[in-house]
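# Structural description and commentary
These are the residues of each chain, in order.
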Amino acid sequence: MIKTLSTMKTTIVLSIFLLAMTVLPLSNVSVAAQSIAMTQSYDAFIQDRLSEGQEVYKQDEITFQATEITISQQNIKNDAVVLENLQQIEVELEAPATGLYYMALTYQDVTESILPVSVEMTVNGEMQYQEMQNLEFKSLWQRVKEVQRDRYNNEISPDIHKVNQAVTSYLTARNGYHNEPLLISLQAGTNKIELTSTEGTLNLLTIHLLGQNDVPVLNVESDPIVEVAGDVNVTIQAEEVYRQNSSSIRPGTAFNDNLTPYSNEYRVLNFLDGASFRYANDQIIYQVEVPTAGYYFVSLHYQQDARVDFPVFINVSLNGQIPSESLINQALPYSASYQAVTFINQSTQSDLPIYFEEGINELSFQITLNPVKHVLERTESLIKDIQTLSLQIENLLGGSVDTNRDIDLGDYIPGIPEQLLEWADELALLQDEVIALTKIDATPGAFQQLKLAENQLRDLGENPRKIGNRWNELAKGGASVTAHLATLLQEATDNGVSIDEIVIHQTESPQISQVGFIEGISNSYQRFFQSFSSQDYDVANDSNNLQVWVNRPRQYIEIMQQMIDQSFTVETGIQVDLSLMPDQNKLILANSSGNEPDVALGVGYALPFDLAIRGALADLTQFDGFQEAVRNYSKNLLIPAAIGESVYAMPETMNFYVLFYRKDILDSLSLPIPDTMQELVNLLPALKQRGMSAFYPTATLGTSFKIFPWTMPMIYQSGGDFYTDSILETGLSTDRTIEGMRDLTDLFTIYSLPVDVPSFYQQFRDGSIPIGISDFGTYLMILNAAPEIANLWDIALVPGVENEEGEVQRWTSGGAESSIMFSDSERKDEAWEFMQWWLSAKVQTEFGVLLQTTYGREYMWNTANLEAFAELPWSTSHKNVILEQSQWIAEVPRTLGGYMVEREVSRLYTSVVVDGENLRKSNDLSIKRINREVLRKLEEFGYLVDGEWVMPYEMPNVEQLLVEEGISNDD
């Protein structure tokens, strides 16, 4: 028998009630603060060690060959100690005295992934500060020099490759808050260092312990006071980067005649794209050749519109050294359009002379957040403090607010108004700090969230009797104080600087390429008339080429067309035209008018059935190699596009569901990661006690319609189904389906999960919902837009329901986008050959890597090809979870009248959870409505005439088809 959540309901409900009646003291509520306090920040750690009398090492550098100090000889290979992905190595260092040391590693990154190597470090069994949880060791990257062009003669970003050489890197803060390297504390004598790779593999060659005099950034020369003589003017095109420490930093194209080079007709690479050069610690290196040694000024023709009214700061190095103290935290002011700026002496505000050697010099720029370190660190701390108070108030009030009653919370939690006003005053001081970094007299636009949060806190503090009615404004929802501050931290990571030219000059002003007024007018007219000519990637329907419509942005299509022209067409001789398809519903109109393409990519997984049932799509099972093509996919992804044993679409991407959880909060409460839904329910008392809860996808706010991917999992996990072998008999009437539906609704009616969650992403960030089941979209947001909880969260398998054999059933949806072929295509064999090529593991892996190296880490390709997915540049530990969860993908068949099944299941859920109706009674009504609509559709499509079967309707039977062909998920 399936073990359902009904077991022990009464016990759990009583536990929740009793625990919710207890108001915890502040020390028990601050779970996030507690967990973070377990590991100090770097600044706090150093301050403690200095107060204990430890000093920074000042003697000569000490060098250790890694092969001589490793504890395990098994890791030695080719004169290096190999730190494998997700493995650990231990080394022993001899320190001459107890104190603080700078540490550097000489290593070679040998991983094939584009992701930097990430390492967790402990010293003598202790993680001394938070930054040790995630130390990054980057490699250098270099693009090929030859300019590449697409079939439309537009320039495209050249390929990039990792520079195969050893690199020496200090321990540095990943967040970019510190310009100087990180110190570690060592005891006199033997110290054991443990390095654990959380991503990537490196060959460790040498470990260096350095004193203060060996760190260049701590021994920078003062600003030179010299006269610059000469008339040399050397211009470097910024898009021609020599080397960079991130694979995604790239050149860009723009029809802007103020940029050099420029073309009215074609796209040319003419600037360094600020959308890629934007994150703290991003570094670009240029080779600059000057005819004679001497002092020069350095100017940039740049645009910085990422930080409104506020500068972006960079550290400038020359030949590996920072030559002047003013080149630390050099400011690039806000500029909505391209303008010239010359690096300045920060003391005198005059142009800064920089000494260049004769010949080739290496000039580098690295983004830093050091000038706003205190503001951002204090903002992080305030978020935790405010969340603590919010949780304490929620425990006191029980989570509900009586808007008609004023409560003086000061009687229960003394000092609340004073605390709110104190925080408001501190935010005002933080604004003064950022104002001092600008040339304006008001809070800059980039830090307006500080002003909003200050006003909100001040208003609450000045109206203490309203706090009880408005406590949600502290840490709940997208308009709360903590939401404003979290948004500030998120936006602080975006420091994009676009650069057109770099000018090394001895003249008073740089010679920046500028277009004249008349020439500018002429260029505008030419571009206007050029816009009426044929556009790239327009629908052409050229009878000589295979026509493929793609429902994706232009950036994707440019890479795809390049891969097709350079690989597929060369190998097969088949010419392919890709066309932008901004709306997939145009496929229906194109098919009805006879203008449909041969193949369409990026089509929503629910659309192929609607086209196939009308005879518009080709049955892919009829082509040679179909069974081999689907071997690397979850077979259940084929179900939505199946009719009987025919399949009319191939899965292209998957929308995986996983369990998201806050490691810091669960650890502080000693709560396990739930493996079953019952275990998840068992966590609720401890979470509810602290004003927190869990998230289930049906609680997504914004639509009252609950789609199959949200309602199906618990029904399938309980052994239920929405269909039987006959389309005329819905599975809603079966006991297991009803039990699964009851377990789903009980989450909200019995266990009080929130019915409407405005944003799981936001509440996961603020800690009010520290655990929940969600999908790929949430994964992207948390990974790329929640910097304040980096390293504090993780993912796990979706909790399921145990079956009678004791196996946990974890069924979830996975359908996303598909590829289809139209039945009227006159090039079916060529179309199938293209589909096989495009969906192959090799091509899908190449596309996923190119997408991220070209456009950045946010462009993650969630291919449905599992072999390719395993090779994508994603976190290895996360990939392992997603791949294991993909074995539990299930999809609801698409059938005639199936939309009514989905609609009625949604209505059934709402009637029970929201309206409190009886499940079985409401279910009977749904079954009647479904049967009536299915009969109507069967008659409309000619399967039934006057209630009699004219031709059989076959339910999807993909599993039988693949079993007959010897294909299964186990393969």
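A brief report on the enclosed structure follows. Worth saying up front: this structure is predicted, and the values here are computed from it rather than measured.

The number of helices and strands found in the protein chain is 29 helices and 42 strands. In terms of principal-axis extent, the alpha carbons of the protein chain reach across some 100 × 80 × 65 Å. Sequence-distant contacts, at least 24 apart, represent 78% of the contacts inside the protein chain between residues at least 6 apart. If you sum the accessible surface of the protein chain, you get close to 39,600 Å²; carbon and sulfur atoms cover 47% of it. A distance of 8 Å separates the average location of the 60 positive side-chain charges in the protein chain from that of its 133 negative side-chain charges.

The next subject is the sheet that holds strand β6 (residues 117-123). Overall, antiparallel pairing links the four strands, which are arranged β4-β14-β6-β7 in an open sheet. The open sheet is flanked by β4 (88-95) and β7 (135-137), the only strands paired with a single partner. Across the sheet, the axes of successive neighbouring strands diverge by a mean angle of 35°, strand direction being ignored. Relative to strand β14 (residues 189-199), β4 runs antiparallel, the two being bridged by eight bridges. When the bridges of β14 are listed, E94 appears paired with T190.

This part takes up the nonpolar core. Formed by 151 residues in total, the largest nonpolar core has its most connected members in F722, L747, F834 and W838. L300, Y302, F356 and F365 belong to the second largest nonpolar core, which has 84 residues in total.

We now examine helix α22 (residues 776-785). Spacing of three or four residues puts side chains on the same side of an α-helix, whose turn is 3.6 residues. Looking only at α22, the buried set comprises F776, T778, Y779, I782 and A785. Buried residues along α22 sit against α11 (481-492), β34 (657-662), α21 (760-766), β36 (771-775), β37 (793-796) and α26 (876-886).

Our focus in this paragraph is a negative patch on the surface. Together, D624, D829, E830 and E833 give the surface a local cluster of negative charge. Looking at the element boundaries, E833 is found in helix α23 (residues 828-839).

We now examine the environment of K937. If you trace the backbone, K937 turns up in helix α28 (residues 919-940). Sequence separation between K937 and V658 is 279 residues, and the spatial gap between their C-alpha atoms is 36 Å. In this structure, K937 is in contact with L896, G897 and Y899, ignoring residues within four places of it in sequence.

For the structure shown, the criterion picks out 35 salt bridges. We note a salt bridge from R49 to E52, for which the minimum N-O separation is 3.7 Å. Given the relative accessible area of 13%, R49 is considered buried. Here E52 falls in the exposed class, since its relative accessible area comes to 55%. In this structure, the salt-bridge partner of R894 is E902, at a minimum N-O distance of 3.8 Å. Residue class for E902 comes out buried when judged on its relative accessible area of 10%. Residues joined by salt bridges that share partners form a network here, namely D425, K451, E454 and R458.

Put simply, helix α19 (residues 708-717) and helix α27 (residues 898-913) touch, their axes get as near as 10 Å, and they point 75° apart. In terms of orientation, α19 lies roughly perpendicular with respect to α27. When α19 is examined against α27, the residues F708, P709 and T711 are found in contact with a partner set consisting of G898, V901, E902 and V905. Within the contact of α19 with α27, the residues separate by chemical class into four nonpolar, two polar and one charged.

Right, let's get into a nonpolar patch on the surface. A cluster of nonpolar residues, L728, L935 and W949, forms a patch on the protein surface that exposes about 260 Å² of accessible area. Examined against the element boundaries, W949 turns out to sit in strand β42 (residues 948-949).

The next point concerns helix α20 (residues 735-749). Relative to the 21 Å expected for 15 residues at 1.5 Å per residue, α20 spans 20 Å between its end C-alpha atoms, a close match to the ideal helical length. Taken together, the buried positions of α20 are T737, I738, G740, M741, D743, L744, T745, D746, L747 and F748.

A few words on the sheet that holds strand β35 (residues 694-695). On the basis of which strands lie adjacent, the open sheet formed by four strands has the order β35-β36-β34-β37 and mixed pairing. Of all the strands in the sheet, just β35 and β37 have a single pairing partner and so form its edges. With four bridges connecting them, β34 and β37 associate as antiparallel partners. Looking at β37, one finds that L659 is bridged to A796. Those strands touched by helix α18 (residues 677-689) are β35 and β36, and its axis lies near 130° from that of β36.

Cut-offs used in this document
- Residues numbered from 1 in each chain as written.
- Predicted model: local features only at pLDDT ≥ 70, side-chain atom pairs only at ≥ 80, totals over all residues.
- Heavy atoms only, no water.
- Helix = DSSP H or I, 4+ residues; strand = E, 2+ residues; numbered from the N terminus.
- Contact = heavy atoms within 4.5 Å.
- Areas by Shrake-Rupley, 256 points an atom, 1.4 Å probe, with all protein chains shown as cover.
- Lys, Arg positive; Asp, Glu negative; His and termini not counted.
- Charge placed at Lys NZ, Arg CZ, Asp CG, Glu CD.
- Pairing = 2+ DSSP bridges.
- Axes fitted to C-alpha atoms, helices over the stretch in contact; angles between N-to-C directions.
- Core = buried A, V, L, I, M, F, W, Y, C linked by side-chain atoms within 4.5 Å.
- Buried < 20%, exposed > 50% of the residue type's maximum accessible area, 1.4 Å probe, protein only.
- Patch = residues over 30% accessible without salt bridge, like charges linked within 9 Å, V, L, I, M, F, W, Y side chains within 5 Å.
- Salt bridge = Lys/Arg side-chain N within 4 Å of Asp/Glu carboxyl O.
- Parallel < 35°, antiparallel > 145°, perpendicular 65-115°, else oblique.
- Nonpolar A, V, L, I, M, F, W, Y, C, P; charged D, E, K, R; others polar.
- Expected span 1.5 Å × (residues − 1).

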